[in-house]
Amino acid sequence: MATAVLAVQGAFAEHEARLAELGETCVELRQASDLRQRFDRLVLPGGESTTQGKLLAELGMLEPLRERIEDGLPVLATCAGLILLARRLDAHDDRDTPRIATLDVLVRRNAYGRQLGSFRTSLELAGMGTVPATFIRAPFVMETGRGVETLATCDGNVVAVQQGKQLALAFHPELDEDPRIHQLFLDL
Ligand SMILES: NC(=O)CC[C@H](N)C(=O)O
């Protein structure tokens, strides 16, 4: 088994380090030819979702990834990754930026503010208990479609969801010591 980590921009190295600690082999996706590698799961890291979306479209990776996810490829998406997966964005956001758009949620980018929107807290994740959560200019989920389960909220806002094998978080488990969320992803 191997996990592909989208490595065009953002905090991908931290995910790779965490997965390696759990004994998982990672391959990096930097260009379309990397999609020929064998992988069974996908990580979409945090970073800048507009940059990531544009790069994925330019590199010809958006459609192949969308198809694999629609075919059931397990995905762990964090922060910008959640935005890339979202079917719909808030009216204030640039909705024309290319996205994978396989997760039936409405997301607002930079929902906690652009400058002061970074903080560390802990929250209750369904079926897991208390987990640390680092938010960095994070989005949150404003609406969930049918088939989308809310796994965690923070101050009443939805910050973790699951739809089938798509696990999407507004925060950054790769930046905390707790390995349980990555383990949950490997167990999907
Ligand atoms: N930590 C992050 O991934 C931030 C996401 C970023 N604010 C965006 O909108 O793309």
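Under an unreviewed UniProt entry, the protein chain has the name Pyridoxal 5'-phosphate synthase subunit PdxT and belongs to Parolsenella catena. The annotation that UniProt attaches to the protein chain under Sequence similarities (unreviewed entry) is "Belongs to the glutaminase PdxT/SNO family."

Student: I tried to follow the overall build of the protein chain on my own but got confused; where do I start?
Tutor: Scanning the protein chain for helices and strands turns up 5 helices and 12 strands. Taking 188 residues into account, the globule formula puts the C-alpha radius of gyration at 16 Å, and the protein chain, at 15 Å, falls close to it. Projected onto its principal axes, the C-alpha coordinates of the protein chain cover approximately 40 × 35 × 30 Å. Counting the 188 residues in the protein chain, one finds 41% classified as buried.

Student: Before we go on, may I ask you to explain helix α1 (residues 12-21) in this structure?
Tutor: An α-helical turn contains 3.6 residues, so any two residues separated by three or four positions project in the same direction. Every buried residue of α1 is accounted for by Phe-12, His-15, Glu-16, Arg-18 and Leu-19. The buried residues of α1 occupy an angular sector of 165° when projected down its axis, which confines them to one face. Residues of α1 that are exposed and point more than 90 degrees away from the buried face comprise Ala-17, Ala-20 and Glu-21. Buried residues along α1 sit in contact with β1 (2-6), β2 (25-29), β3 (41-44) and α5 (180-186). One or two steps after α1, the chain reaches Gly-23, where phi turns positive at roughly 85°.

Student: Is there a simple way to explain unusual backbone geometry in this structure?
Tutor: It is generally the case that most residues other than glycine have a negative phi and that most peptide bonds are trans. Not every positive phi belongs to a glycine, and Ala-101 is a case in point at roughly 60°. Mapping Ala-101 onto the fold places it in the loop between β5 (86-89) and β6 (103-108). When the 16 C-beta atoms within 10 Å are taken as the criterion, Ala-101 is described as partly exposed. Residue Asn-110 is not a glycine yet carries a positive backbone phi of 45°. Checked against the element boundaries, Asn-110 lands in the loop between β6 and β7 (119-125).

Student: Explanation requested: helix α3 (residues 62-70) in the structure shown.
Tutor: Buried within α3 are the following residues: Leu-62, Leu-65 and Ile-69. Looking straight down α3, one finds that the buried residues subtend no more than 70° of arc, so they occupy a single side. More than 90 degrees from the buried face of α3, the exposed residues found are Glu-67 and Glu-70. Tucked inside the fold, the buried residues of α3 contact α2 (49-58), β4 (75-78) and β12 (166-169).

Student: Explanation requested: the nonpolar core in the structure shown.
Tutor: As a rule of thumb, soluble globular proteins bury nonpolar side chains together. By size, the foremost hydrophobic cluster in this structure holds 53 residues, and its most contacted members are Leu-82, Leu-85 and Ala-170. Here the element with the most residues in this core is helix α4 (residues 80-85); it accounts for 5 residues. When residues no more than four places from it in sequence are discounted, the contact partners of Leu-82 are Ala-77, Val-107, Pro-139, Ala-168, Leu-169 and Ala-170.

Student: Would you mind going over the site of the ligand with me for this structure?
Tutor: The local shell around the ligand consists of Gly-46, Gly-47, Glu-48, Ser-49, Cys-79, Ala-80, Ile-83, Arg-109, Asn-110, Ile-136 and Arg-137. When grouped by side-chain class, the residues that make up the shell around the ligand number 4 nonpolar, 4 polar and 3 charged.

Student: Sorry, what's going on with the UniProt feature "active site" (unreviewed entry) in the protein chain here?
Tutor: Listed under "active site" (unreviewed entry) in the UniProt record, and renumbered for this structure, are Cys-79, His-172 and Glu-174. Separation in sequence by 96 residues is not matched in space for these annotated residues, since their most distant C-alpha atoms are only 11.1 Å apart. On the neighbour-count criterion, Cys-79 (29 C-beta atoms within 10 Å) is buried. For Cys-79, the residues in contact, after removing those within four places along its chain, are Gly-46, Ile-136, Ala-138, Pro-139, Ala-170, Phe-171 and His-172.

Student: I'm lost on the UniProt feature "binding site: L-glutamine" (unreviewed entry) in the protein chain in this one. Help?
Tutor: Per the UniProt record, "binding site: L-glutamine" (unreviewed entry) is annotated on Gly-47, Glu-48, Ser-49, Arg-109, Ile-136 and Arg-137. Look at the named residues: they lie 91 residues apart in sequence, but the longest C-alpha span between them is just 12.8 Å, so in the fold they bunch up. Summarising the element assignment, Gly-47 is placed in the loop between β3 and α2. Assessed through the 21 C-beta atoms surrounding it within 10 Å, Gly-47 is described here as buried. Look past the residues within four positions of Gly-47 in its chain and what remains in contact with it is Gln-9, Gly-10, Ala-11, Gln-52 and Ala-80.

Conventions we followed
Residues numbered from 1 in each chain as written. Predicted model: local features only at pLDDT ≥ 70, side-chain atom pairs only at ≥ 80, totals over all residues. UniProt positions renumbered as here; feature names shortened; annotations may be inferred. Helix = DSSP H or I, 4+ residues; strand = E, 2+ residues; numbered from the N terminus. Rg over C-alpha atoms; globule rule 2.2 N^0.38 Å. Buried ≥ 20, exposed ≤ 12 C-beta atoms within 10 Å, placed from the backbone. Arc of directions from axis to C-beta. Contact = placed C-beta atoms within 7 Å. Core = buried A, V, L, I, M, F, W, Y, C linked by C-beta atoms within 7 Å. Near = placed C-beta within 6 Å. Nonpolar A, V, L, I, M, F, W, Y, C, P; charged D, E, K, R; others polar.

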